[in-house]
Amino acid sequence: MPRRLSDVAAFAGVSVATVSRVLHDKPGIAQATRDSVLTALDVFGYERPQKLRNQRAPLIGLVLPELQNPIFPAMAELVVTELIRRNLLPVLCTRTADGLPEAHYVQMLLAQDVGGIVFIGSSYADAGAAQVKELRARKLPIVLINAADENLDVPRVCVDDGVAVRQALGHLRALGHERIGLILGPVGHVPSARKLAAFGREAAERGEPGWRALVAHTIFTMEGGATAAARLVGEGATALVCASDALALGAVKAVRKQGLRVPADVSVVGFDDSSLMSVTDPPLTTVRQPVAAMGGAAVAALMSQINGHVVPVDEVLFDPELIVRGSTGMCPAR
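Structural notes, computed from the coordinates. If you're wondering where the values come from, they're calculated on a predicted model, not measured in any experiment. (Residues numbered from 1 in each chain as written. Predicted model: local features only at pLDDT ≥ 70, side-chain atom pairs only at ≥ 80, totals over all residues. Heavy atoms only, no water.)

**With respect to the packing of aromatic side chains**
Part 1: Following the criterion strictly, the structure yields one aromatic pair and no others.
Part 2: Considering the side-chain rings of F199 and W211, the 6.0 Å spacing of their centres and the 65° angle between planes classify their relative orientation as edge-to-face. Of the two residues, F199 is situated in helix 8 (residues 190–206) and W211 in the loop between helix 8 and strand 7 (215–217); the sequence distance between them amounts to twelve residues. Both residues of the pair, F199 and W211, count as buried.
Part 3: The lysine or arginine in question, K195, covers the ring of F271, its NZ or CZ lying 3.9 Å from the ring centre. (Phe/Tyr/Trp six-rings, centres within 6.5 Å; stacked < 30°, edge-to-face > 60°. Helix = DSSP H or I, 4+ residues; strand = E, 2+ residues; numbered from the N terminus. Buried < 20%, exposed > 50% of the residue type's maximum accessible area, 1.4 Å probe, protein only. Lys NZ or Arg CZ within 6 Å of the ring centre and 35° of its normal.)

What follows is the structure, encoded as structure tokens:
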């Protein structure tokens, strides 16, 4: 028990004696300190005193499309940490193998009278017409991070997909690549559409009318990336820009399956800089999302709404960063 109390104290940033005073409902403790201790008790699964069991921190829903893509749990972990620091309890909601939709989770969250919802890589619109109507009627605090659809009436935090494509293309052009393929997510997926628009603008500026033959839409999996890469390499692409690291790893696999080498024959650029990309074979050149800055901005926007402030619904864009590793190299002589 003493060890557990010390863990609670360390997490809340107070002394063990202060934790003990909160447990015994002693007077003379600031409400903010009391809230921090109570939240820490919840995090460590330590039962609250009987008198304090109804003093729960507000629940905040985190809605994600999946957990297989490492960028989603990375973003969720950061948001969860920021929420807990503010004495809010996150509830993770992600699609299951049987396809449980966002609408179902939103309905469940509303039934629990949550204090707000953060959609990460998901869609406010996917919540369903009835749920969206109820969300608006309740004026529930909502923030979207890299939303899959256009949602113009809520605060949004996004990485600048256009800048990401320009960074990747600039790097590959400097290495001598002319035939560059683009592997995107499904048609209609907003981040993919923005990457496509930037790719098309760059092609138009260079006077390349046949650029659409070097674009492939697929699902966000390694298998999808492999299938798309095989076609684009067949079109003569010497480099591939991918809309996720998972797609990029699938592309590397497809290139090797054709008896080619990365990067000696085909260069590959990913997107996200999710965990372990520095230790893949070869280490993956990728465009890093500023996860910490984006997650912090999203939580700040959510807290402003919770505290009754009017938050602009303008989209906040964050610049990504190109991380050059071993999967890109000089264009081979063909």
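**Points about helix 7 (residues 161–174)**
Part 1: Between its terminal C-alpha atoms helix 7 stretches 20 Å, which fits the 20 Å expected from 14 residues at 1.5 Å a residue.
Part 2: With respect to burial, helix 7 is a largely interior element, ten of its 14 residues being buried.
Part 3: Listing the buried residues of helix 7 in full gives D161, G162, V163, A164, V165, A168, L169, H171, L172 and R173.
Part 4: Among the residues of helix 7, the N-terminal cap falls to D160, whose side-chain oxygen and the backbone nitrogen of G162 are separated by 3.1 Å. (Expected span 1.5 Å × (residues − 1). Polar contact = N/O pair within 3.5 Å; in protein donor to acceptor, adjacent residues only side chain to side chain.)

**Quick notes on the packing of helix 4 (residues 71–85) against helix 11 (residues 291–306)**
Part 1: The N-to-C vectors of helix 4 and helix 11 enclose an angle of 45°; their axes lie 9 Å apart at closest approach. In terms of orientation, helix 4 lies oblique with respect to helix 11. The chirality of how helix 4 crosses helix 11 is right-handed. Along the contact surface, helix 4 presents I71, A74, M75, L78, V79, E82 and L83, while helix 11 presents V291, A292, M294, G295, G296, V299 and L302.
Part 2: Residue classes in the contact of helix 4 with helix 11 are distributed as eleven nonpolar, two polar and one charged. (Axes fitted to C-alpha atoms, helices over the stretch in contact; angles between N-to-C directions. Parallel < 35°, antiparallel > 145°, perpendicular 65-115°, else oblique. Left-handed = near helix turned anticlockwise from the far one by under 90°. Contact = heavy atoms within 4.5 Å. Nonpolar A, V, L, I, M, F, W, Y, C, P; charged D, E, K, R; others polar.)

**Examining the sheet that holds strand 4 (residues 142–145)**
Part 1: Spatially, six strands are ordered 2-1-3-4-5-11 in an open sheet, and the strand pairing comes out parallel. Here the strands that pair on one side only, and so sit at the sheet edges, are strand 2 (89–94) and strand 11 (315–318). The average undirected angle you get between the axes of adjacent strands in this sheet is 20°.
Part 2: In the sheet, strand 1 (residues 59–64) pairs with strand 3 (residues 116–120) via four bridges, with the strands oriented parallel. The residue bridging G61 from the neighbouring strand is I117, located in strand 3.
Part 3: Across the sheet, helix 4 touches strand 1, strand 2, strand 3 and strand 4, and the angle it forms with strand 1 is around 170°.
Part 4: Packed onto the sheet, helix 11 meets strand 1, strand 3, strand 4, strand 5 (156–159) and strand 11 and runs at close to 165° relative to strand 4. (Pairing = 2+ DSSP bridges.)

**Points about the nonpolar core**
Part 1: Within the largest apolar cluster, 67 residues are counted, with the highest numbers of intra-cluster contacts made by I120, I183 and L240.
Part 2: Top element by residues in this core is helix 11. It accounts for seven residues.
Part 3: Ignoring sequence-local partners within four residues, the contact set of I120 consists of L62, V63, L64, P65, F72, M75, A76, V79 and I145.
Part 4: Listed in part, the 15 residues of the second largest apolar core include V106, V114, L140 and V154. (Core = buried A, V, L, I, M, F, W, Y, C linked by side-chain atoms within 4.5 Å.)

**Some details on the sheet that holds strand 9 (residues 267–272)**
Part 1: One open sheet accounts for six strands, arranged 7-6-8-9-10-12; its pairing is mixed. The open sheet has two edge strands with one neighbour each: strand 7 and strand 12 (321–323). Each neighbouring strand pair of the sheet contributes to a mean axis angle of 20°, computed without reference to strand direction.
Part 2: As defined by bridge partners, strand 6 (residues 180–184) adjoins strand 8 (residues 239–242) across four bridges and the pair is classed as parallel. Bridging from a neighbouring strand, L182 pairs with V241 of strand 8.
Part 3: Contacts from helix 9 (residues 222–234) reach strand 6, strand 7 and strand 8, with the element oriented near 155° to strand 6.
Part 4: The strands that helix 10 (residues 245–257) touches are strand 6, strand 8, strand 9 and strand 10 (285–288); relative to strand 9, the one it contacts most, it runs at about 160°.

**Overview of unusual backbone geometry**
Part 1: V262 connects to P263 through a cis peptide bond whose omega is 10°.
Part 2: Looking at the element boundaries, P263 is found in the loop between helix 10 and strand 9.
Part 3: Cis geometry is adopted by the peptide bond preceding P282, which originates at D281 and carries an omega value of -5°.
Part 4: Along the chain, P282 falls in the loop between strand 9 and strand 10.

**Some thoughts on the pattern of salt bridges**
Part 1: In the structure shown here, the tally under the stated rule is 14 salt bridges.
Part 2: Ionic pairing is found between E208 and R173, a salt bridge with its closest N-O pair at 3.7 Å. In this pair, E208 sits in the loop between helix 8 and strand 7 while R173 sits in helix 7, placing the two residues 35 residues apart along the sequence.
Part 3: You can call E208 partly exposed: its relative accessible area is 24%.
Part 4: A salt bridge links D281 to R256, with the shortest nitrogen-to-oxygen separation between them at 3.7 Å. On the criterion of sequence distance, the pair formed by D281 in the loop between strand 9 and strand 10 and R256 in helix 10 is long-range, its members being 25 residues apart. (Salt bridge = Lys/Arg side-chain N within 4 Å of Asp/Glu carboxyl O.)

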